[in-house]
Structure formats: C-alpha cells, structure tokens
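In case you want the letters, here they are:
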Amino acid sequence: MRAVRATPLTSPVLVGRDDLLELADRRLDEARSGRGQVLLLAGEAGIGKTRLLGAIERRAGLAGMAVVSAAAFPRDLEVAGGPLLDLARALELERGHRSEIGRGLRERLAEADARRRGDAHRHRRLLVADLADLVLGLADDRPLLVSFEDLHWADDLALEVIGQVARRVRDMRMLVVGTYRSDELYPRVPMRDWRSRLLTQRLAEEARLARLDVAQTALVARALLGDPTAVPHELVLQLHRRSDGIPLHVEELLGATFTDAGGVGGVVPDTLADAILARADRLPARARKLAEAAAIVGRSFDTDLVATLLDRPADEIDRGLRELQDRFFVLPGRRNGWYDFRHALIRDALYAAMGPRARRRLHARVAELLSDTGSEAAVSAHFELAGLLAPAHRSALAAARRASRLSSHREAVDLYRRALRTAPRDMPASARARVLAEYAAEAAAGDENAAAVEGYEEARQLLLEAREAGTAAALLPPLVAARHLLGASLDERVGLLGRGLEELDRAQAPRSDPTRARLLAGLSAAYMLDRRLEDSIEHGEAARVAAAAAADPEADMNASVTLGAVFVFAGRMDEGWELLETAVATARDAGLETEAARAYRMIGSAASVLVEYERAERWLREGIEYAERAELWNHRHYMGAHLAHVAWATGAPETAERLATDALADGRGGITTRITALHVLGYLGMGRGDVTSAERWLGEARAEGERMGELQRYSPAVWGLAELALLDGRAGDAMELCGVG
C-alpha cells in the first residue's frame, strides 16, 4: 500500500482559550498557597475540554505540583464509584503513599459491597466520608492537582465523594478540576442536581468553553497545516459553517479533505460522522477492523482484549494500533496496555457504521471474554446488545444488587430496569415480583416515586395472583409512603394499609410478623397527619406491641415517634415530650440515623405548631446540626423551614426569610418542606404589606397542600389568604375561603 503522509489532526496550539488558561493559573497559584477549590470545565462534546485540561495539568506539573488524573466512562453510570476505581488504578501504579491510597480506595469500595445490616443511609454516609478522606489524603507535603474527566458519565456515589471533597478542600493545597458535557445534563443524569448544588453553595466554580468564531477557526486550520497561506478563506467559511465552531469538528472536517501529500484538496464533508468515516475509509484493512472491534469494547479498550476478540497475532495488532495512532484515531491510555479513542464521538461514528449482525456477534464475544474479569454491569450491557437476554438478565441482576448494597440508587435503578427488560418470559411470578420490589425500593430511595409506585403495584399484583398474600402485604408500607409523596389522599392511604392487615389475616401470618408492625405504624402516622388523634394512638400502641413481638426496633422507633407527637397534640404533654426525647436518644445510640432525624423533626415541628417556641428552637437547631452531620438533607431542610416559622413568630423576619429561602434553594427538602417555607414567605409578605408576593407564596402553598389532602398542610395558607382578602375589603372571598356561608 502507498504510504500516506500523516498530517497532524490535533491543533498544536490552543485557540481561543487564553482567558480560561489565565483563570486556571490563578487557581493553581491559590491552591499552592493553601486555598484549595474545585473548578468545573463545561462545554459541549468536542469543544476542547480534554485539551484544556491537559494544558492545565502540564502547567501544574511545571509549577511543581503533583498531578493525579482519573476519568469517567459511558458505562460508569452503572458502576458504583467508577471514576474512583479509575483513580485507584492510576494511584496503584505509583509508589509509596499514593499507591497505598489507591489500594485503600479499591479495598474500601470492595468492602462496602459486602452485605450489611442496619441503617442503609448511615452505611452510605460513612462510605462517602471514608472515600473522601482517602482522596484528601493525597495532599501530603506537595501541592496537588486532581483531575476528573467526563463527569457527566459519573455515578452518584463518585459525585457524592467529590462533593464531600469540595466541602473540605478549602484549607488544603489541592485543586480539583473536573470536565463535563454541558449538553448532556439530562433530567436523570446524577451530575445535573450535583452541579447545581455545588455552584449554588459556592463549593465549586464553573468555566464554560465557547465555540470558535471564524477567525479562530482559521487559526486552527492554519496551525494544522503549518502554512498560513494554505487555507483559502472560502474553505474556512465552509469549515466554520459545518463545524459550528466546535474544534474537534473543525479538525475532523479538515482532516477528511487532506490529500496523500498532506495538503487540502477534497470536499468538506457535511457532518462530523461523514468526516470520520471518510478518514476511516483510507485506513488499511487491519487497522479498520481493529478500530471497529475497539469501538465495540468502548471509549477505552484493553489491547489484549481486542487481540483476543479478533484472534490475530500480537505483531499485527501492534501494527494496527500504530496506524490508528498515526492517523489520530486513538491515543495511549493512562493504564499500561490500554488505548483511548481520541474522542468519544470518533468511537460513536465507527460503531454506528458497523452492520447490526457484526455488532451483535462482537458484543457476544466481548461479554464472554469479560465474564470472568469484567464488571457485571458492563457484561450485562454487552449481552443485551448481543441479543442474549438470559445472561444479560443474570449479570444485570447481580450488578443491580451490588449497586444496591453500596446504596448507589440511580445505578441500581438502571440495572434493575435492564434485568426486568431481559427477564425470561417463563420467569416465576414470585421471582419477578422480588425483582420488581427491589427495583421499586431503589427508585423510591432516589426520589423516583412514580416509578416506585408502578414497581410495587406490579409486584403486588403478581404476588396476589400467586396467592402469596403475606408477601404482598409487606410491600404496602413502602408503596403507601411513595403514593403519599405523589399526593395520595388519607382515605386512599388508610385503605391500602388496612387491606394489608386483611391480607396478613387471610394468610394466617403470626402475630410476630414484622409486616404487621409496619402496617400499624403506617396507619398511626397517616391518622396523625390528619389530626385523627384517637385513631392514631390506637394504631400506634398496637404497632409497638407488634414490633416487640417481631423484635423490630425500627418499627418500634417509628411508632414511638408518631405516638409522642400525637400525645402532645392530644394534651398528654409530659408523656409525649418524654417519649419523643427518649426516641431521639435511643435512635442516636443505636445508629438509626434516619429514625433519629425523624424524631428530631417531629419534636421540633410539634413544638412549633403548639407555640412552644423555646422548646421548638432548641430541638430544631439540635436536629438541624444532627441532620447536617448525617447528611440527611430532606430532614435538615424540613427542620430549617420550621425554624423559619419560629423565627417569624418570635419577631425575627430577616432570620425567617433567610431560613425559608435556604430551605427552598437546596432542592432536597421535599414537598412538605416546600409548603412550610412558602407559608413563612407568605406571612412575611403580609407583614411587609407586599400583597402580591404574599398571595403568590400562599396560593402556591395552598395548591400544594390541597393536592396532598392534609389539613395541616393547606390550612395555614387558607388562613393567610383569608386575612389578605379581609384586608382588601373582600369579606365574601374570606368567608368562602374559610368555608362559611
């Protein structure tokens, strides 16, 4: 074959990024002086984030800083801690202290995969704290740059660890830089909410990479050709128009026009994919086959795996890799024996151009080769893409359960969905119901309540058809909790929980069945929220008896907290406060963090409603501090909203506004937090004579509260709106709001 001149396809100069390099230099200087921070580089695919990150890493190295790099990959959304595992692998290749930290990261993740008992939230929080400690431990006696590339592919566990690092890095000689695709922050992508929280709380800074203008496109083209006269203006205009000013597109489109002599002589392709495939058509056959096989494996690939996949001699694989590297399709990876496609879009174009039969055949082979050594999530994906549903189901289910043990809820949800998608048609009803229930539990933990309801209801239907009424009844407490968050009425919730007790009786379940205690505790809580106090006490006391018989401390704690709140509302004040305070102490001592936080919120909010403001402020402040340490943000912001109400009621409007606004701004407080904070903002508007704002806030709170169907949620808003109507001379409207006349 005729030799082809390898014209550079990557611009030797970084065009249009001077301001970002100056920003990076300032942040590197600050990190070296002990003011650590997190810098996020954002931009669409192909905009040059990787190249800018590489320039920052080189500048850090020249300034005497240590540099540690890791990346997320497309399948990492299904792998708990994927970027942290990549960081661990990179560190283990080093010596001494950093190698030990790499081992520690890998071992801590593996240890967390073991089945554990107790509070799932506490398990997850301690895991995140331990992993963050290890990452921060990298900053020893030398300033450090830690980079994470492609965080849009990161799972929620890895992001939570990086977020923990962001909270603690400010007094350290460390700069953390992450890149992500701003055009891929879809609603369920973990980074979407994570990024918003970090920026809102000023724990990170974001810099966006802009597209190139026509003049900058010309600079890139001239730099590639090394000749300022070799790029006609008309060609520059075509490149800019078809590339939209995205540097990778400029390079690929121009590369497709290169002649064998290294000049430009072809027609500019219409799209990036056309440009990549035009270049691929000029590859030798062995290099093209190698590139296609690598594209099946993924953005990064192990050369030994690809060699086995193609069943070709090592020297032929090496020649093909050199050809792909010379033609700027691949680059050496961070791990020995691994390569990366120069960009994920190059891999995507090669993958899409392959025939479906060839793709399925190669995916099947990759899955078989990875079955003994690869991650179950990746193996399941390859089996599914190969159309081999039975092994895809087995490996997806195993991976989902592993993610669940790590409390990596979003990854678990996606993997459970694959397991259900690929489940055999003759799967026993009880087995499918179990998978559906596990899926629903993970969906609820990730606030996907509609999906949780759907999963629980389908699982229950299967179990009832299989005449497993007792097992079906056990799904009702979490189903009711999810339906409550979607606005289910009291009658609906009570009806479902009562049906569960009937199902237990039909199944002749023993009195020690833990499901009975949880159903009764759920009924007690439902009645309490509607202030049906006698019904709540009756079911709460029955729940405690059932919990004792079942030796279920969590159910007992749940019922005790509900009863404590009911007692204080029923006038049994001393008994109620003592029960709530005892529940706080008992739950804290037992490490039941979720139940302890619930006890704090119940004692604080009950005292607030009953106008015992000193008691409310004491327990709410202590509860907020506890929930922050335990990272139970829903509970923390609920208590923050109630503390705002206390501040309003005791004449501290500025404090009330700040607390209510903070509770709303974080986005992790739930609907009840939102309603309470809206009440406070509405009342503040009334006090300031800002009728427009008051009506807006209170109207929103009323609508949310009526949707939930709970008197305590909507009545404060109705009272406020009636007061506004009276002040405005609309007595008839006020009477209608209050149900009079």
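Residues numbered from 1 in each chain as written. Predicted model: local features only at pLDDT ≥ 70, side-chain atom pairs only at ≥ 80, totals over all residues. Heavy atoms only, no water.

## Description of the overall build of the chain
Line of reasoning, step 1. Secondary structure assignment for the chain yields 36 helices and eight strands.
Line of reasoning, step 2. Against the 2.2 N^0.38 benchmark of 27 Å for 741 residues, the chain shows a C-alpha radius of gyration of 30 Å, consistent with a compact globule.
Line of reasoning, step 3. Counting only C-alpha atoms and orienting by the principal axes, one finds that the chain spans roughly 95 × 65 × 55 Å.
Line of reasoning, step 4. Among the 741 residues that make up the chain, the fraction classed as buried is 55%.
Line of reasoning, step 5. For the chain, the share of sequence-separated contacts (at least 6 apart) that also reach a separation of at least 24 residues comes to 67%.
Line of reasoning, step 6. With 100 positive and 112 negative side-chain charges, the chain shows a separation of 5 Å between the mean positions of the two kinds. (Helix = DSSP H or I, 4+ residues; strand = E, 2+ residues; numbered from the N terminus. Rg over C-alpha atoms; globule rule 2.2 N^0.38 Å. Buried < 20%, exposed > 50% of the residue type's maximum accessible area, 1.4 Å probe, protein only. Contact = heavy atoms within 4.5 Å. Lys, Arg positive; Asp, Glu negative; His and termini not counted. Charge placed at Lys NZ, Arg CZ, Asp CG, Glu CD.)

## A closer look at the confidence of the model for the chain
Line of reasoning, step 1. Looking at the chain, the pLDDT average stands at 87 and 93% of residues meet or exceed 70.
Line of reasoning, step 2. Every residue in residues 1-6 scores below 50 in pLDDT, and together they form eight contacts with partners more than four places removed in sequence or on other chains. (pLDDT = per-residue confidence, 0-100.)

## Observations regarding unusual backbone geometry
Line of reasoning, step 1. In this model, Arg202 sits at a positive phi of 55 degrees, which is unusual for a non-glycine residue.
Line of reasoning, step 2. Taking relative accessible area as the criterion, Arg202 reaches 68% and is therefore assigned exposed.

## A closer look at the sheet that holds strand S4 (residues 174-181)
Line of reasoning, step 1. The strand order across the open sheet formed by five strands is S2-S3-S4-S1-S5, and the pairing between neighbours is parallel. Whereas interior strands pair on both sides, the edge strands pair on one side only; in this sheet they are strand S2 (66-71) and strand S5 (205-208). Here the strands of the sheet are splayed against their neighbours by 20 degrees on average, with no regard to which way each runs.
Line of reasoning, step 2. Relative to S5, strand S1 (residues 37-43) runs parallel, the two being bridged by four bridges. The residue bridging Leu41 from the neighbouring strand is Ala207, located in S5.
Line of reasoning, step 3. Sheet strands touched by helix H3 (residues 82-92): S2 and strand S3 (144-149). Its angle to S2, the strand with the most contacts, is close to 140 degrees. (Pairing = 2+ DSSP bridges. Axes fitted to C-alpha atoms, helices over the stretch in contact; angles between N-to-C directions.)

## So, the packing of aromatic side chains
Line of reasoning, step 1. Overall, the coordinates contain six aromatic pairs when judged by the stated rule.
Line of reasoning, step 2. Summarising the aromatic geometry, the rings of Phe301 and Tyr339 are spaced 6.2 Å apart at their centres and angled 20 degrees between planes, so their arrangement reads as stacked. Highlighted residues: Phe301 in strand S6 (residues 300-302) and Tyr339 in strand S8 (residues 338-341), separated in sequence by 38 residues. Each member of the pair Phe301 and Tyr339 is classed as buried.
Line of reasoning, step 3. With a centroid separation of 5.4 Å and 85 degrees between ring planes, the pair formed by Tyr683 and Trp719 is classed as edge-to-face. (Phe/Tyr/Trp six-rings, centres within 6.5 Å; stacked < 30°, edge-to-face > 60°.)

## Thoughts on the packing of helix H12 (residues 285-297) against helix H14 (residues 314-326)
Line of reasoning, step 1. Interaxial distance between H12 and H14 falls to 9 Å at its minimum, and their mutual angle equals 85 degrees. Looking at the two axes, H12 sits roughly perpendicular to H14. For the pair H12 and H14, the contacting residues are Arg286, Ala287, Leu290 and Ala291 in the first and Glu316, Ile317, Arg319, Gly320, Leu321, Glu323 and Leu324 in the second.
Line of reasoning, step 2. Considered class by class, the residues forming the contact of H12 with H14 number six nonpolar, one polar and four charged. (Parallel < 35°, antiparallel > 145°, perpendicular 65-115°, else oblique. Nonpolar A, V, L, I, M, F, W, Y, C, P; charged D, E, K, R; others polar.)

## Examining the pattern of salt bridges
Working definition: two side chains of opposite charge can pair if their charged atoms are close together.
Line of reasoning, step 1. Taken as a whole, this structure holds 50 salt bridges when the rule is applied.
Line of reasoning, step 2. Note that Asp315 is salt-bridged to Arg319, the shortest N-O span being 3.7 Å. Taken as a pair, Asp315 and Arg319 lie in helix H14 at a separation of four residues, close to a single helical turn.
Line of reasoning, step 3. Overall, Arg319 belongs to the partly exposed group, its relative accessible area being 31%.
Line of reasoning, step 4. A salt bridge links Glu704 to Arg674; the shortest N-O distance between them is 3.9 Å. Pair noted here: Glu704 is in helix H34 (residues 691-708) and Arg674 is in helix H33 (residues 670-687), with a separation of 30 residues, a long-range link. (Salt bridge = Lys/Arg side-chain N within 4 Å of Asp/Glu carboxyl O.)

## Focus: the pairing of S4
Line of reasoning, step 1. Of all the eight residues making up S4, eight are buried; the element is thus mostly covered by neighbouring parts of the structure.
Line of reasoning, step 2. Residue alternation in S4 divides its side chains into two sets, Met174, Val176, Gly178 and Tyr180 and Leu175, Val177, Thr179 and Arg181, and both sets are buried.
Line of reasoning, step 3. Both S1 and S4 contribute to a ladder of seven bridges, which runs parallel. Looking at S4, one finds that Gln37 is bridged to Leu175.

## Brief notes about the pairing of S8
Line of reasoning, step 1. In this sheet, S8 lies alongside S6 in antiparallel orientation, the contact comprising three bridges. Along S8, the bridge assignment pairs Ser300 with Asp340.
Line of reasoning, step 2. Pairing between strand S7 (residues 330-332) and S8: three bridges, direction antiparallel. Residue Pro332 lies in a different strand from S8, and its bridge partner there is Tyr339.
Line of reasoning, step 3. The hairpin formed by S7 and S8 contains five residues between the paired strands, and Gly337 there has a positive phi angle of roughly 85 degrees.

## Re the sheet that holds S8
Line of reasoning, step 1. If you trace the three strands from one edge of the open sheet to the other, you get S6-S8-S7, paired in antiparallel fashion. In this open sheet, the two edge strands, each paired with only one partner strand, are S6 and S7. Strand-to-strand twist across the sheet, computed as the mean angle between neighbouring axes with direction ignored, equals 30 degrees.

## Thoughts on helix H5 (residues 120-136)
Each α-helix turn comprises 3.6 residues. Residues three or four places apart therefore point the same way.
Line of reasoning, step 1. Relative to the 24 Å expected for 17 residues at 1.5 Å per residue, H5 spans 25 Å between its end C-alpha atoms, a close match to the ideal helical length.
Line of reasoning, step 2. Among all positions in H5, only His123, Arg124, Arg125, Leu127, Val128, Leu131, Ala132, Val135 and Leu136 are buried. (Expected span 1.5 Å × (residues − 1).)

## A look at the environment of Tyr683
Line of reasoning, step 1. Looking at the element boundaries, Tyr683 is found in helix H33.
Line of reasoning, step 2. For the pair Tyr683 and Ala70, spaced 613 residues apart in sequence, the C-alpha to C-alpha distance is 50 Å.
Line of reasoning, step 3. Sequence-distant contacts of Tyr683, that is, excluding residues within four places in its chain, are made with Trp648, Leu698, Pro716, Ala717, Trp719 and Gly720.

## Quick look at the environment of Val306
Line of reasoning, step 1. Here Val306 lies in helix H13 (residues 303-310).
Line of reasoning, step 2. Between the alpha carbons of Val306 and Leu290 there is a distance of 7.4 Å; along the sequence they are 16 residues apart.
Line of reasoning, step 3. Here Val306 is in contact with Leu290, Ala293, Ala294, Val297 and Phe301, once residues within four sequence places are set aside.

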